[in-house]
Amino acid sequence: MYRLELVGLADESRLPCVVTLRDADDDICELRLDREGARPLVFRSPVDFEDTLIELRKELERQRLLLLCNRFRRNAFVSSMARQMSTGLSCYLVSPGRPVDPEKLVDSLGPAPREVVVLAEESAKYISDWIGGFDDDDDRLS
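Basis of the calculations
- Residues numbered from 1 in each chain as written.
- Predicted model: local features only at pLDDT ≥ 70, side-chain atom pairs only at ≥ 80, totals over all residues.
- Heavy atoms only, no water.
- Helix = DSSP H or I, 4+ residues; strand = E, 2+ residues; numbered from the N terminus.
- Rg over C-alpha atoms; globule rule 2.2 N^0.38 Å.
- Buried < 20%, exposed > 50% of the residue type's maximum accessible area, 1.4 Å probe, protein only.
- Contact = heavy atoms within 4.5 Å.
- Areas by Shrake-Rupley, 256 points an atom, 1.4 Å probe, with all protein chains shown as cover.
- Lys, Arg positive; Asp, Glu negative; His and termini not counted.
- Charge placed at Lys NZ, Arg CZ, Asp CG, Glu CD.
- Pairing = 2+ DSSP bridges.
- Core = buried A, V, L, I, M, F, W, Y, C linked by side-chain atoms within 4.5 Å.
- Axes fitted to C-alpha atoms, helices over the stretch in contact; angles between N-to-C directions.

(A) Representation of the overall build of the protein within the structure. Scanning the protein from N- to C-terminus turns up three helices and eight strands. When the helices and strands of the protein are listed from N to C terminus, the series reads β-β-β-β-α-β-β-α-β-β-α. In terms of C-alpha radius of gyration, the protein reaches 16 Å, essentially the compact-globule figure of 14 Å for 142 residues. Along the longest, intermediate and shortest principal axes, the C-alpha atoms of the protein span 55 × 40 × 25 Å. Counting every position in the protein, which comprises 142 residues, the buried fraction comes to 42%. The long-range fraction of contacts in the protein, counting pairs at least 24 apart against all pairs at least 6 apart in sequence, stands at 50%. Per element, the accessible surface of the protein, about 8,400 Å² overall, is 51% carbon and sulfur. Placing the 20 positive and 28 negative side-chain charges of the protein at their respective mean positions leaves the two points 5 Å apart.

Next up, the structure:
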């Protein structure tokens, strides 16, 4: 169980919430977010928890909310190996021009400060630029 906060994008208000995870008997990964005064959000995946986190993020953004967790940081990167080894519950925090650092593997649902949590679109651009930075280096070497 993770006790986290949601942030309302309209006014930066903070809402406490609880995220629980369950590996069902039929190999289904289930993520549930509960908050006072709202119906629970429940997402399931036969693959891993990363899929449920992606769906949760889409729904929260639709509701104009951000979950203050590591996975939703600007610089959170999920490699296929991290997904396999942690059932999608770990991510790397990357820096421009630097390769993935195994020491920067964090719990995806660990709490994160508001200033580093962004919308999915901004995060995707950051990660795309980060990956693109390595392509530029490769071009200069050839």
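(B) Highlighting the pairing of strand E4 (residues 41-45). The alternating pattern of E4 places Leu 41, Phe 43 and Ser 45 on a buried face and Val 42 and Arg 44 on a face that is not buried. As consecutive antiparallel partners, strand E3 (residues 29-35) and E4 are separated by five residues, and within that stretch Gly 37 has a phi angle of approximately 80 degrees, a positive value.

(C) The nonpolar core, seen in detail. By size, the foremost hydrophobic cluster in this structure holds 25 residues, and its most contacted members are Leu 33, Leu 56, Leu 60, Leu 67 and Leu 109. For this core, the elements supplying multiple residues, two or more each, are strand E1 (2-8), strand E2 (14-23), E3, E4, helix H1 (49-62) and strand E5 (65-67). Residue contributions to this core peak at four residues, all from H1. If near-sequence neighbours (up to four positions away) are discounted, Leu 33 is found in contact with Leu 6, Cys 17, Val 18, Val 19, Pro 40, Leu 41, Leu 56, Leu 60 and Leu 67. Counting residues in hydrophobic clusters, the runner-up holds six residues, among them Phe 77, Tyr 92, Val 94 and Trp 130.

(D) The arrangement of the environment of Leu 6 in detail. Looking at the element boundaries, Leu 6 is found in strand E1. Distance in space between the C-alpha atoms of Leu 6 and Leu 60 is 8.9 Å, their sequence separation being 54 residues. Once residues lying within four places of it in the same chain are set aside, the contact partners of Leu 6 are Ser 13, Arg 14, Leu 15, Cys 17, Leu 33, Arg 35, Leu 60, Leu 65, Leu 66 and Leu 67.

(E) Main features of the sheet that holds strand E8 (residues 105-107). Spatial ordering of the open sheet is given by E6-E7-E8, a layout of three strands whose pairing is antiparallel. The sheet is open, and its two borders are formed by strand E6 (76-77) and E8, each paired with just one other strand. Bridge count between strand E7 (residues 90-93) and E8: three bridges; the pairing is antiparallel. Among the inter-strand pairings, Ser 90 is bridged to a residue of E8, identified as Asp 107.

(F) Quick look at the environment of Ala 120. Here Ala 120 lies in helix H3 (residues 120-141). Using a relative accessible area of 30% as the deciding quantity, one classes Ala 120 as partly exposed. Separated by 68 residues in sequence, Ala 120 and Thr 52 place their C-alpha atoms 14 Å apart. Contact partners of Ala 120, with chain neighbours within four places excluded, come to Arg 57 and Glu 61.

(G) Representation of the sheet that holds E4 in the model. The five strands are arranged E4-E3-E2-E1-E5 in an open sheet whose pairing can be described as antiparallel. A strand with exactly one partner marks an edge of an open sheet, and here the two such strands are E4 and E5. Across the sheet, the mean angle from the axis of one strand to that of its neighbour is 25 degrees, orientation sign disregarded. As paired strands, E1 and E5 are joined by three bridges and run antiparallel to one another. Each residue of the ladder has a partner; that of Leu 6, found in E5, is Leu 67.

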